[in-house]
Amino acid sequence: MEAKGIKKNTAIWIIAVLVLFVLSIILGIIMRLNQGGAVHLDPGTFYADMTIHGITMIGIWFVAGMAGVNFIMERYVKTSYRANTFALVMTVIGVVMLWVSTLIGDFHAGWTFLYPLPFKIAWSAWATPMFLWALAVLGVGWLVWVLSLMTALLKKYSISQVFAWQHFRNKNPEVETPPFILISMISLLGVLACLIAAVVLLVLLFAEYYSHGAFVNDALLIKNLTYFFGHTIANEMLYLGLAIIYELFPEISGRPKWKTTWYVAIAWNLTLFFVLLAFFHHLYMDFVQPEGLQIVGQLASYLASLPSAGVTVFSVIVAVYRTKIKWSLSNLLFFIGIAGWVIGGVGAVIDATISNNFLLHNTLWVPAHFHSYNAMGNVLFSLGFFHWFSVEYSKRKGPERLSSLKLSFLLLGGIGFLAAFYVAGAESVPRRYSSYPVEFTSAKLLATLGAVFATVYLIAIFLFVSSIFKRCINMVLHRS
Amino acid sequence: MQYALLLLFLVLAAVIALVFIIVYLSSKKSDDELKGMANPLQKRFWFLLILFVCLGIFALITIPRSPYYLFAKEQPAKVVHVAAGQFFFTMSYKAINPDKPEGEMTIELPANQLVEFRVTSLDVNHGFAIYSPSKQIVAQTQAMPGYVNLLRWKFEEPGTYTVHCLEYCGMAHQVMQTTFTVK
Ligand code: HEM
Ligand SMILES: [Cu+2]
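Residues numbered from 1 in each chain as written. Chains lettered and ligands numbered in written order. Predicted model: local features only at pLDDT ≥ 70, side-chain atom pairs only at ≥ 80, totals over all residues. Heavy atoms only, no water.

## Observations concerning the overall build of chain A
At step 1: A tally of regular secondary structure across chain A gives 15 helices and zero strands.
At step 2: For chain A, the C-alpha radius of gyration of 22 Å lies close to 23 Å, the compact-globule estimate for 480 residues.
At step 3: Along the longest, intermediate and shortest principal axes, the C-alpha atoms of chain A span 60 × 50 × 45 Å.
At step 4: Counting all 480 residues of chain A, 68% fall into the buried class.
At step 5: A sequence separation of at least 24 residues applies to 81% of the contacts in chain A between residues at least 6 apart.
At step 6: Here chain A displays about 16200 Å² of accessible surface, and carbon together with sulfur accounts for 70% of that area.
At step 7: With 30 positive and 19 negative side-chain charges, chain A shows a separation of 16 Å between the mean positions of the two kinds. (Helix = DSSP H or I, 4+ residues; strand = E, 2+ residues; numbered from the N terminus. Rg over C-alpha atoms; globule rule 2.2 N^0.38 Å. Buried < 20%, exposed > 50% of the residue type's maximum accessible area, 1.4 Å probe, protein only. Contact = heavy atoms within 4.5 Å. Areas by Shrake-Rupley, 256 points an atom, 1.4 Å probe, with all protein chains shown as cover. Lys, Arg positive; Asp, Glu negative; His and termini not counted. Charge placed at Lys NZ, Arg CZ, Asp CG, Glu CD.)

## Quick look at the sheet that holds strand E1 (residues 78-85) of chain B
All names here are of chain B.
At step 1: Ordered in space as E2-E1-E4-E7, the four strands form an open sheet in which the pairing is mixed. Bordering the open sheet on either side are strand E2 (88-92) and strand E7 (149-154), each of which pairs with just one other strand. Across the sheet, the mean angle from the axis of one strand to that of its neighbour is 25 degrees, orientation sign disregarded.
At step 2: Looking at chain direction, E1 and E2 are connected through five bridges and run antiparallel. Note that in E2 the partner of histidine 81 across the bridge is serine 92. (Pairing = 2+ DSSP bridges. Axes fitted to C-alpha atoms, helices over the stretch in contact; angles between N-to-C directions.)

## Things to note about the site of ligand 1
All names here are of chain A.
At step 1: What surrounds ligand 1 is a group of 25 residues, the closest being Gln35, His53, Trp111, His371 and Arg432.
At step 2: Histidine 371 is positioned such that a nitrogen or oxygen atom in its side chain is 2.8 Å from a nitrogen atom of ligand 1.
At step 3: Within the contact set of ligand 1, an oxygen atom lies 2.5 Å away from a side-chain nitrogen or oxygen of arginine 432.
At step 4: Those elements giving two or more residues to the shell around ligand 1 turn out to be helix H1 (2-36), helix H2 (43-73), helix H13 (365-392) and helix H15 (443-477). (Near = heavy atom within 4 Å. Polar contact = N/O pair within 3.5 Å; in protein donor to acceptor, adjacent residues only side chain to side chain.)

## Let's talk about the environment of Glu167(B)
At step 1: Locating Glu167(B) in the fold gives a position in the loop between strand E8 (159-164) and strand E9 (177-182).
At step 2: Taking relative accessible area as the criterion, Glu167(B) reaches 4% and is therefore assigned buried.
At step 3: Residues Glu167(B) and Phe128(B) lie 39 residues apart in sequence; the distance between their C-alpha atoms is 8.2 Å.
At step 4: Leave out the neighbours within four places in its chain, and Glu167(B) touches Leu114(A), Lys223(A), His361(A), Asn362(A), Arg432(A), Asn125(B), His126(B), Gly127(B), Gln142(B) and His173(B).

## Re the layout of surface pockets
At step 1: Reported here for the second largest pocket is a volume of approximately 700 Å³.
At step 2: Looking at the second largest pocket, it is lined by 23 residues, and the ones nearest its centre are Ala339(A), Ile343(A), Leu411(A), Ile415(A) and Ala17(B).
At step 3: Counting residues per element, the ones that place at least two in the lining of the second largest pocket are helix H11 (329-351), H13 and helix H14 (403-426) of chain A together with helix H1 (2-29) of chain B.
At step 4: Among the elements that make up the lining of the second largest pocket, the one with the highest residue count is H1(B) (eight residues). (1 Å grid on protein atoms, 1.4 Å probe; cavity = no way out; pocket = protein on both sides within 12 Å on 5 of 7 lines; lining within 4 Å. Points joined across faces, edges and corners; volume = space filled by probe spheres on them.)

## Focus: the domain arrangement of chain B
At step 1: If you check the domain split of chain B, you get domain 1 (2-65) and domain 2 (74-182).
At step 2: Computed over C-alpha atoms only, the centres of domain 1 of chain B and domain 2 of chain B are separated by 41 Å. (Domains from an automatic or database assignment.)

Set out below in structure tokens:
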């Protein structure tokens with residue numbers, strides 16, 4: 001019964017994510033059109049659009065990763081249907097509150113709502129508390145979900161087993177930890193850490209808001225907390241996607257299951273640690289931040305990407321190289337997604353180098369690299385899972401049509417959209433500008449090109465999503 | 001410098017893309033079911049080691065060039081105080097009173113001599129990014145309320161420099177700018 005419930009919930013998660021994804025892409029295209037001068041939004045409206053685009057995208061790909069991990073985890077342990085449903089309800093409430101506060105209340109402090117901007121109210125006065133309470137609602141729903149999944153794992157595996165420590169020394173330990181379990185646990189723990197930071201952050205912000213200025217926060221401390229939360233959640237959601245890939249890539253390809261080895265165990269344990277320190281790179285240009293932390297930021301940014309990316313890429317490459325495998329849309333999406341993720345990672349490592357950040361910080365280079373590993377990385381991981389799930393568990397099976405057309409559109413649109421960001425970043429065009437001062441001669445043209453390519457990307461997404469969407473709707477409507 | 005970084009990125013991205021394409025095609029061509037590893041998660045220590053060494057070298061070269069260490073031992077020839085606010089920059093050779101921020105009409109700075117900017121904010125976080133006459137960022141720091149960031153720089157090229165705000169600060173963020181000249 002419960003397993004069926006989780007399956008149905010997963011279908012609902014997928015439907016919600018896909019609807020919000022399409023809407024958010026449209027908001028993204030509108031932003032690019034406005035920056036290119038084809039559309040003229042009031043700046044406040046543009047920034048409200050930017051805020052809701054950013055927070056929705058982060059939110060949906062996080063829950064997409066969580067829903068996928070939860071579903072696969074059922075293969076190993078019993079997970080809680082109630083926690084999953086609770087998170088679903090809280091997410092829906094939270095998202096509605098976010099959309100109301102930005103699109104109706106005109107709240108536009110950016111998805112990172114960097115203190116003290118949310119309190120310099122230039123929108124409906126109720127929109128600030130509504131936005132912050134929406135985050136609190138999401139935070140509670142997700143905390144419960146994360147804790148319940150961690151508990152489920154710890155009921156079956158001991159602490160050392162769940163982190164695969166027995167693999168450090170022993171080549172063939174008695175209890176094997178599947179890579180999926182290891183990576184899920186590492187990601188869940190990271191998510192837990194950043195959700196706790198979010199709670200502290202919200203408490204501090206509420207304290208100032210409700211004390212009417214009697215309590216005043218420290219801007220540097222809040223900035224550290226904000227990015228510990230924001231950076232970490234954006235990273236961990238990728239790892240959730242990777243956990244699914246370690247499980248499904250060999251399976252879909254018709255190859256033997258992947259097994260944890262000592263170096264995989266060490267790599268992921270190191271990642272857990274370093275990823276929590278990498279957020280310091282968001283504060284490189286705050287010269288008052290202690291220098292030691294800046295250096296830690298650069299080293300941790302390198303070290304966080306090295307083991308997890310190195311191991312994953314290498315594993316996927318050797319798994320595929322000269323090996324006859326069953327290619328399908330799902331593992332092709334995983335494969336392309338990993339390439340997109342690594343290429344975005346190169347852009348990130350360049351920017352995470354302090355002396356380069358001096359020139360690239362808050363230029364369009366930043367959206368360039370994070371859209372690379374999201375729009376062409378993590379999104380494809382999740383779409384691969386969605387596709388696999390919807391085909392595997394629906395009664396409507398049919399041959400997959402138009403695959404190569406869909407993929408070419410996706411690649412063409414995605415690469416063009418990203419290229420416009422990278423080039424503009426190298427030309428020092430600032431990020432988060434509703435329109436560009438005339439001195440930035442190429443910025444408008446690049447923005448328009450970005451909008452055109454993003455539309456091609458949207459068409460590809462439409463083609464992918466419609467069949468997945470139909471199958472999932474069917475699954476929800478028909479008791480199976 | 002920015003274009004060099006773009007080039008570096010494009011080369012690496014192309015190499016990665018090529019590797020993925022070659023690997024994919026090799027799989028498509030393969031007709032032997034038995035080839036391929038039973039467990040691809042086997043140790044590939046040397047691969048990580050190479051990556052590790054490359055990044056280590058990159059860190060060793062770049063960290064000493066971080067802005068915190070630039071001209072740290074020299075005395076600035078000129079000091080400029082900067083107070084950022086929604087949505088303006090006030091710049092002055094004298095300290096700025098936060099309650100009554102007043103700045104100079106024009107700021108002129110000497111070429112090839114050390115200038116120190118003392119940057120703070122009167123309200124929310126802002127950015128202080130200096131664009132060369134050819135519209136490339138040459139240096140930047142943040143303007144944070146309650147803190148003063150010290151940015152040191154030597155301008156080589158004379159001309160008009162523009163300062164843009166690079167931290168999102170609200171409705172008119174995109175028009176927040178000022179200029180100074182280097183002679
Ligand atoms: C083709 C699809 C997409 C389009 C057209 C698009 C477009 C945009 C644009 C134009 C911006 C503002 C850039 C600027 O600073 O000037 C932006 C920001 C952002 N996007 Fe996207 N985007 C897309 C997909 C995604 C995806 C998949 C994610 C997933 C995480 C995402 C997350 C974000 C975030 C977090 C921001 C920052 C918002 C902020 O600065 O507050 N986007 N996007
Ligand atoms: Cu600004």
